[in-house]
Amino acid sequence: MTQNKQHSLLNRANEAGRVLKKHIKNGDNIRIISHNDADGISAAAIIANTIKEEGGNFHVTMIPRLKKETIEKLHNEKYNLFIFTDMGSACINHINKLKADVIIADHHQPNDTEASENVVHVNPHLFEVDGSRELSGSGASYLVVRELDKNHLSIFALIGAFGDMQHLNGFTGVNELILNDAVESGKLEIHEDLKITSKNQEPLYKAIAYTLDPGLPDLTGSFEGSMAFLEKLGISYGIKFADLSGEEQDVLKDALIDVNPKIFGQVFSTPKDSPALRDLEDFSSILDSCGKSKKYGLGLSLCLGERDKALETAIEIQNKYRNNLVKGFEWIRKEGAVELDHIQYIYSEDPVLKTIIGTLAGVGLFINILNSEKPVIGISRFHKDIKISGRTTRELVNKGVDLGKALHDASVNFHGQGGGHNIAAGAMIPHKNKDEFLHLVNDIVASQLEK
Ligand SMILES: [Mn+2]
């Protein structure tokens, strides 16, 4: 049965592939609209690389959210093919009205409208395939071009899947099929190694402090902590991992496994690429930084093969973003969270901190700077509103906590809106209701834990 569903999904994607091929052959300039995160940039890259390799032309726009108005503006654009990647399924009722061929390659929950004749809708949810773990937006885009002899582009579907955290329990379902394509293409190498970020590129103490996944208590987000840790092991902290002796690498490996066993595991890499991009998780994290810093075009150009100056700039952007995170972790280490009975919160009006507060909240729970026994609510102020990022642990979810429901139910009380997953969710409410809102979330979480 599962095989059948996957098969139907692949058939739908092939249909989209034939539409794409027809328009490339016709010499049409193809319009791509994609989400602006690591998955969305990778998704656009798969389509753009395909068109480029086949000698066609394209025009890409990346945006944070697809709105009705955005689609209405596209009515005035003279294209014969529009492709929406990592977005579109929720707006299919508006997309249906476009007077051109359309491909949607998305993995978010679609709305109930059927696609009209001119629209090929590729989405795992339509075939009962899990779009949160088994296929990303870049994965759906890869399926579209898969039959056009593009196995080498499967690498970008993995980079996007890392961006959407679909790797956490290993690649399964359609993601596994994509992984096999990547291995068969000869570009991907999988080996067991330390999963320290940028270890080919940054001095050790920085690489360790920048490692967010998995979080390393006392080390993640702390240059001092990492330096002290390395000094204690007798390893000089200023050199790169690759420049350590074999013996030193072993000492470091054992010590880090003591901190968090998940630090040693499968690393997916393209050995021929530049050191900074070789590890696919590093590539994904650079795209994530480009996305969060609104440098989508730069992220896309890396995916189209630009290196040298483009890569240098991207690394600078990534380091700026990472140093902001380190400052954020320092802030939490110093100030701590405000604890209520069943939740805790951190609040900032700082322009830098408020852009990263969700990441700080999520990682903070795993590195002993926040109380891992309580969900954390990150709050940042935007004019008259506050933006809420809620994060909790798998253990608390197993005890009944559902932040998506808690933030949704609490925010409607204050004419705000909210929702998401049980483990990570968000909301937007008026600033004046902040304290009442927090107490309501506290009460809702208390009742979730009682059940
Ligand atoms: Mn996505």
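Under an unreviewed UniProt entry, the name given to the chain is Single-stranded-DNA-specific exonuclease RecJ, and the source organism is Methanobrevibacter filiformis.

(A) Representation of the packing of helix α2 (residues 38-53) against helix α5 (residues 137-145) in the model. Two elements in contact, α2 and α5, have axes whose closest approach is 7 Å; the angle formed by their N-to-C orientations is 15°. The orientation of α2 with respect to α5, classified from their angle, is roughly parallel. Crossing angle aside, the handedness with which α2 passes α5 is right-handed. For the pair α2 and α5, contact is made by Asp39, Gly40, Ser42, Ala43, Ile46, Ile47 and Thr50 and by Gly137, Ser138, Ser141, Tyr142 and Val145, respectively.

(B) The arrangement of the UniProt feature "domain: DHHA1" (unreviewed entry) in the chain in detail. The UniProt entry lists residues 372-446 under the feature "domain: DHHA1" (unreviewed entry), expressed in the numbering used here. The distance from the first to the last C-alpha atom of residues 372-446 is 16 Å, and the span holds 37% helix and 33% strand.

(C) Looking closely at the domain arrangement of the chain. Taken domain by domain, the chain holds domain 1 (2-150), domain 2 (192-328) and domain 3 (336-450). Computed from C-alpha coordinates alone, the two centres of domain 2 and domain 3 are separated by 28 Å. Residue-level contacts link 11 residues of domain 2 with 10 residues of domain 3. Considering each element in turn, the side of domain 2 that touches domain 3 owes the most residues, three residues, to helix α14 (residues 308-335). Here the residues of the side of domain 2 that touches domain 3 are counted per class, giving four nonpolar, five polar and two charged.

(D) Molecular detail of the pairing of strand β9 (residues 344-348). Of all five residues in β9, four are buried, a share of seventy percent or more. Relative to β9, strand β8 (residues 338-339) runs antiparallel, the two sharing two bridges. By the bridge assignment for β9, Glu339 is matched with Gln344. If you look at the hairpin formed by β8 and β9, you'll find four residues sitting between the two strands. Pairing of β9 with strand β10 (residues 376-382), which is carried by five bridges, proceeds in the parallel orientation. Bridged to Gln344 within β10 is Val376. Since β9 and β10 lie parallel, the crossover through helix α15 (residues 353-364) that links them has a hand, and here it is right-handed.

(E) Molecular detail of α14. With 28 residues, α14 extends 41 Å from end C-alpha to end C-alpha; this agrees with the ideal 40 Å at 1.5 Å per step. If you check which residues of α14 are buried, you get Ala314, Gln318, Tyr321, Arg322, Leu325, Gly328, Phe329 and Ile332. Contact partners of the buried residues in α14: α8 (204-210), α12 (280-292), α13 (296-303), β9 and α15. One or two positions beyond α14, positive phi appears at Gly336, with a value near 70°.

(F) Layout of the packing of α12 against α14. One can describe the packing of α12 onto α14 by two numbers: an axis separation of 9 Å at closest approach and a directional angle of 75°. On the basis of their axis angle, the class for α12 and α14 is roughly perpendicular. Each of Ser285, Ile286, Ser289, Cys290 and Lys292 in α12 lies in contact with α14, whose residues at this interface are Ala314, Ile317, Gln318 and Tyr321. Residues of the contact of α12 with α14, tallied by class, amount to five nonpolar, three polar and one charged.

(G) Looking closely at the UniProt feature "domain: DHH-CID" (unreviewed entry) in the chain. In the numbering used here, UniProt assigns the "domain: DHH-CID" (unreviewed entry) feature to residues 199-258. The annotated region residues 199-258 carries 52% helix and 0% strand content, and the separation between its end C-alpha atoms amounts to 19 Å.

(H) How the structure looks around the sheet that holds strand β12 (residues 417-420). The six strands lie next to each other as β8-β9-β10-β11-β13-β12, forming an open sheet whose pairing is mixed. The open sheet has two edge strands, β8 and β12, and neither has a second partner. The pairing of β10 with strand β11 (residues 385-391) spans seven bridges and is classified as antiparallel. When the bridges of β11 are listed, Ile377 appears paired with Gly390. Contacts from helix α18 (residues 434-450) reach β9, β10, β11 and β13 (424-430), with the element oriented near 160° to β10.

(I) View of α13. For α13, a buried count of seven out of eight residues is recorded, marking the element as mostly surrounded by other parts of the structure. Looking only at α13, the buried set comprises Tyr296, Leu298, Gly299, Leu300, Ser301, Leu302 and Cys303. Two residues or fewer after α13 comes Gly305, characterised by a positive phi angle close to 105°.

(J) View of unusual backbone geometry. Cis rather than trans, the peptide bond between Asp213 and Pro214 has omega equal to 5°. Relative to the helices and strands, Pro214 is located in the loop between α8 and α9 (223-233). Look at Asp149: it is not a glycine, yet its phi comes out positive at around 65°.

(K) Layout of the environment of Gly246. Considering the arrangement of structural elements, one finds Gly246 in helix α10 (residues 246-259). Residues Gly246 and Glu224, 22 residues apart in the sequence, show an inter-C-alpha distance of 25 Å.

The rules behind each value
- Residues numbered from 1 in each chain as written.
- Predicted model: local features only at pLDDT ≥ 70, side-chain atom pairs only at ≥ 80, totals over all residues.
- Axes fitted to C-alpha atoms, helices over the stretch in contact; angles between N-to-C directions.
- Helix = DSSP H or I, 4+ residues; strand = E, 2+ residues; numbered from the N terminus.
- Parallel < 35°, antiparallel > 145°, perpendicular 65-115°, else oblique.
- Left-handed = near helix turned anticlockwise from the far one by under 90°.
- Contact = placed C-beta atoms within 7 Å.
- UniProt positions renumbered as here; feature names shortened; annotations may be inferred.
- Domains from an automatic or database assignment.
- Nonpolar A, V, L, I, M, F, W, Y, C, P; charged D, E, K, R; others polar.
- Buried ≥ 20, exposed ≤ 12 C-beta atoms within 10 Å, placed from the backbone.
- Pairing = 2+ DSSP bridges.
- Right-handed = clockwise from strand over helix to strand, strands pointing away.
- Expected span 1.5 Å × (residues − 1).

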